[in-house]
Structures are given as C-alpha cells and as structure tokens.
Amino acid sequence: MVESWVGSMSRLLPRSIREGGHEFTFLTRDLHHYLRSAPEGAAHPLLGARNVITADTNDTDALLPEIERLHAVLRFDGVLTSCDYYLPAVARIAGQLGLPGPGPEAVENACRKDATRRVLAEAGVPGPRYAVHEEWADLARAAREIGYPLVVKPVDLCAGMYVRRVDDEEQLAAAVRALAEFPVNARGQRRDPAVQLEELLDGPEVSVETVSYAGTAHVVGVTDKSIGGAPAFIETGHMFPAALSAADTEAAEHTALAALKALGLTDGVVAHTEIKLTSAGPRVVEVNPRPAGNRITELVRHVTGIDLAAAFVDVSLGRAPDLRGGATGVRSAAIGFLVPEASGTLEALDGAELRGAPGVLDLQVAEPGRQVKAAGSNNEYLGHVMAADAAGLGARDRVEALLGELRSGLVIR
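Residues numbered from 1 in each chain as written. Predicted model: local features only at pLDDT ≥ 70, side-chain atom pairs only at ≥ 80, totals over all residues. Heavy atoms only, no water.

Looking at an unreviewed UniProt entry, one finds the protein chain named ATP-grasp domain-containing protein, with Streptomyces aquilus as its source organism.

### Structural notes on the pattern of salt bridges
A full pass over the atoms with the stated rule returns 25 salt bridges. Among the ionic pairs, Arg187 bridges to Glu3, the shortest N-O distance being 3.6 Å. Residue Arg187 is found in the loop between α8 (169–180) and β6 (195–199), and its partner Glu3 is found in the segment before α1 (9–19); the two are separated by 184 residues along the sequence. Of the two residues examined, Arg187 and Glu3, each falls in the buried class. Residue Glu205 is joined to Lys225 by a salt bridge in which the shortest nitrogen-to-oxygen separation is 2.8 Å. Within this pair, whereas Glu205 is found in strand β7 (residues 205–213), its partner Lys225 is found in strand β8 (residues 216–228), the two being separated by 20 residues in sequence. Linked by salt bridges that have partners in common, Glu205, Lys225, Glu235 and Glu274 make up one network. (Salt bridge = Lys/Arg side-chain N within 4 Å of Asp/Glu carboxyl O. Helix = DSSP H or I, 4+ residues; strand = E, 2+ residues; numbered from the N terminus. Buried < 20%, exposed > 50% of the residue type's maximum accessible area, 1.4 Å probe, protein only.)

### Describing helix α6 (residues 113–123)
Every buried residue of α6 is listed here: Lys113, Asp114, Ala115, Thr116, Arg117, Val119 and Leu120. On its buried face, α6 sits against α5 (104–111), β3 (130–133), β4 (150–154), β6, α9 (246–263) and β11 (281–288). Where α6 terminates, the next one or two residues include Gly124, which has phi positive at roughly 80 degrees. (Contact = heavy atoms within 4.5 Å.)

### Some points on the packing of helix α3 (residues 60–74) against helix α4 (residues 87–97)
One can describe the packing of α3 onto α4 by two numbers: an axis separation of 10 Å at closest approach and a directional angle of 45 degrees. Between α3 and α4, the crossing angle belongs to the class labelled oblique. Here the hand of the crossing between α3 and α4 comes out right-handed. Contact with α3, carried on its side by Thr60, Asp61, Leu63, Leu64, Ile67, Glu68 and His71, involves Ala89, Arg92, Ile93, Gln96 and Leu97 of α4 and no other residues of that element. Its residues assigned to classes, the contact of α3 with α4 shows six nonpolar, three polar and three charged. (Axes fitted to C-alpha atoms, helices over the stretch in contact; angles between N-to-C directions. Parallel < 35°, antiparallel > 145°, perpendicular 65-115°, else oblique. Left-handed = near helix turned anticlockwise from the far one by under 90°. Nonpolar A, V, L, I, M, F, W, Y, C, P; charged D, E, K, R; others polar.)

### Remarks on the sheet that holds β3
Taken together, the four strands give an open sheet; going across it, the order is β3-β6-β4-β5, and neighbouring strands pair in antiparallel fashion. Sheet topology places β3 and β5 (164–166) at the edges, where each strand pairs with a single neighbour. Pairs of neighbouring strands in the sheet enclose a mean axial angle of 25 degrees, with direction left out of account. Along the sheet, α6 makes contact with β3, β4 and β6, crossing β6 at roughly 50 degrees. (Pairing = 2+ DSSP bridges.)

### Overview of the domain arrangement of the protein chain
Structurally, the protein chain comprises domain 1 (8–99), domain 2 (129–199), domain 3 (202–328) and domain 4 (332–412). Taken over C-alpha atoms, the centre of domain 1 sits 32 Å from the centre of domain 2. Taken together, the contacts link eight residues of domain 1 with eight residues of domain 2. Counting each side, the surface lost to burial between domain 1 and domain 2 is near 740 Å², with a carbon and sulfur contribution of 46%. Considering only the side of domain 1, the residues that lose the most area to domain 2 are His33, Asn58 and Tyr85, jointly responsible for 66% of the buried surface there. (Domains from an automatic or database assignment. Buried area = accessible area lost by both parts, 1.4 Å probe.)

### Details of a nonpolar patch on the surface
The grouping of Leu35, Leu47 and Val52 at the surface amounts to a nonpolar patch, some 200 Å² of accessible area in total. By the secondary structure assignment, Leu35 is in helix α2 (residues 32–35). For Leu35, a relative accessible area of 33% puts it in the partly exposed group. (Patch = residues over 30% accessible without salt bridge, like charges linked within 9 Å, V, L, I, M, F, W, Y side chains within 5 Å. Areas by Shrake-Rupley, 256 points an atom, 1.4 Å probe, with all protein chains shown as cover.)

### Structural notes on the UniProt feature "domain: ATP-grasp" (unreviewed entry) in the protein chain
UniProt's feature table lists "domain: ATP-grasp" (unreviewed entry) at residues 117–317, given in the numbering used throughout. End-to-end, the C-alpha atoms of residues 117–317 are 30 Å apart, and along that stretch the chain is 33% helix and 32% strand. (UniProt positions renumbered as here; feature names shortened; annotations may be inferred.)

### Quick look at the sheet that holds strand β10 (residues 269–278)
Judged by pairing direction, the sheet is antiparallel, and its eight strands sit side by side in the order β11-β10-β7-β8-β9-β12-β16-β14 without closing on themselves. Edge positions in the sheet fall to β11 and β14 (360–365), since each of these pairs with one other strand and no more. Averaged over all pairs of adjacent strands, the angle between their axes in this sheet comes to 25 degrees, without regard to strand direction. With eight bridges connecting them, β7 and β10 associate as antiparallel partners. Each residue of the ladder has a partner; that of Glu209, found in β10, is His272. Against the sheet, helix α12 (residues 395–408) touches β8, β9 (234–240), β12 (332–338), β14 and β16 (383–389), its axis set at about 25 degrees to β12.

Here is the structure:
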C-alpha cells in the first residue's frame, strides 16, 4: 500500500486486507501524517501493516528501483492506494513488477481533469464544454467563449479543492489568483499551473460505483449527492441508492461505463464516476479510479452487503471480486455532513443524544475547542450522521432531520 487517505478508507482498507487473509507493507514518505489523525488512545489502523517503510513516494522514478529491491525480498502480490495523488505511481509500480492493475496511462488520464476531458471528448462521451490554459489572457478569452456562469477547476487536485463557480471576469480573476497561491498540494507535490474552465451544468449530480475485472466493468449502483457552500461545490451528503427513475439510472450507468471504456479502466479498478443528469442528458463530471470517498462505500455495504473495499483488494490481486451481496434489511442508507459556514473556535457541538436514535448507523462530531475554518472544500467537515431506512428511500430525509438537530446546538465563536 503506497500512502492512503486519513479518513474512513485508512480504516476500511487495512481491515479488508486482514479479513481477506492477507498482509500488507505500508510505504509512506511521512508516517506522522497518519499518526496525527489516529483516534485518541488507539493505534492507527495503518500500523497494522506487516512492514512500515519510509521512502520518497513523491519521486516515482527513484521509487521504482527501491520497490523492485523490496519485491525481491517480500514478493508482493499486488499494489494499491486509496489516495488520488498516488494512483498514477501505483499503476506504474504494478506495471514495473508485472502485478495486476490498470495501465499507467489510463490511470494518469483519469487523475488529470484536463486529460480526462480530452480522452472522453475524443471518444464521444458527453461532457461540458471546457478549456484549459495557464495565461490570464487565454483564460479570459476562453471564459467569454464558453459563457458565464462557469466553473473554475485545478487540473490536479481533489476533494473539491479550489473548484468554484464564477459569474463574471472579476470572480474569475479572484479564483485564478487563489489557485496560483496554492502551488503545492497537501502531500508536498508541486502542482500543474494550468486552470480548467468548464460550462456550468444544470441538473442533479450522482455517482456510479463500479468494479472492473477481466475486461468488464460491473455496476454496483448509483449514489445521489447534495451540494452546498456556493460558490464552492462542497458535498453535503449522499444517499444510496439514488432516488432516480429507471430511465435516469440507466442513462447514468451507461454514461459511466462508456467513460470507463474510453479511458481504459476495465480491469483491476474500483471506480467512482460522477455524472450530472442535465436537461440535455447525462454529462461526465469526473472519473475517479478508486473506491468512493465520503463513506459512500459504507452506504453501499449497508444496503447491498457488497464490500467495495474488499473488492478493491481482490481486483488489486487479480482475483475475481465477490459482488453477490445479500439481504441486509436496509432499503436505503444516507450520510450528511456538518459543514461550517463561519471561521472561529468550536465552542459547542453535542451529538450524544442522537447516537441511539432510530435508524442511526453512525454519528461523529468534532470536539469543542477545535479551530474551525469556513468550508471551501470537502476537507473542513465538523462531523457526520449516517442513517438507514428499512422500508424505502427515506434515509436522506432522516439524515436531514438529524443534521438539523445537530446544527441547533452548534456554536462557533
């Protein structure tokens, strides 16, 4: 395992490896990055690795011969990561060692928003009108050609970072300046200065969760998404399965499968493909060649019994994933995130009374005393509540009601 996110996947992936009867070596450039997020009084799940090795994971060219030396001793059967910033490196490592996984070019194209747009456009997979430039004059001209309002995106960040709606040239200039002031990502990797402009799409957004093995992508289901925090695009919640018509579900699935095929992500991949169901038909937002974040994998498991983290381990080993699932007694599951709208110190937030409420699957909130920043991406949540509905598609409504109760006790000063 080359690096990991520090959220739920840092717990789910080690557990799936262990429950599958496997062991893993954890490779990181900065172990303290993970130890800072360990639950108080508990060891971090990634320390369950058989070996923890420090190496410069940001220098793939130097990393490859080092991993070859490790491979000669440890004999790896697969290589994976849950962190977007290391997916291209993992694909190159798998190719170098002859291990299962998608091709490096396919992964690199999926991890770069501009390359994804180019590949999908060439294949005729529908997406927004877009342009990519570095110089201000080119960006301003392209924005006028696409037409305001539009969306500004970095080509190489994730979690919604610096993705902004802009309504005029003044807002565009401010968004471009903000992005230029963030030249290195959270993992110490220098960013590409290119800026992507996209047509603002109408309609609801969903994601299609898939598992690709032996040349075929299998749809596990479709998740809905709620967005807030304008002009940012912050994910405020999800429900699985999405409350869609059969026609919209089929359209989203068909578009996601076409995108995966165009990119070459049809083997050894668990993917999370985001789709806008616009008035003109489905349009691809992004293709993420790794399991969904924001605990969507847990929503899927609660409803279907399918463990996408375990499937990720299986396909990374070149094994057929178990996608049979089973009866769970849950018809829908949803999660809602507590998004701070102001900066300051968290003085009060208590969810103790809600933990045992009917339908609640999980509830986590930040401790008072924490410094809070008004949310600009998916990285500033103050907590979440997850709930289930055994009768139908009522999980989202239940979560919204519970979030309302949490917000009533939220104090930031």
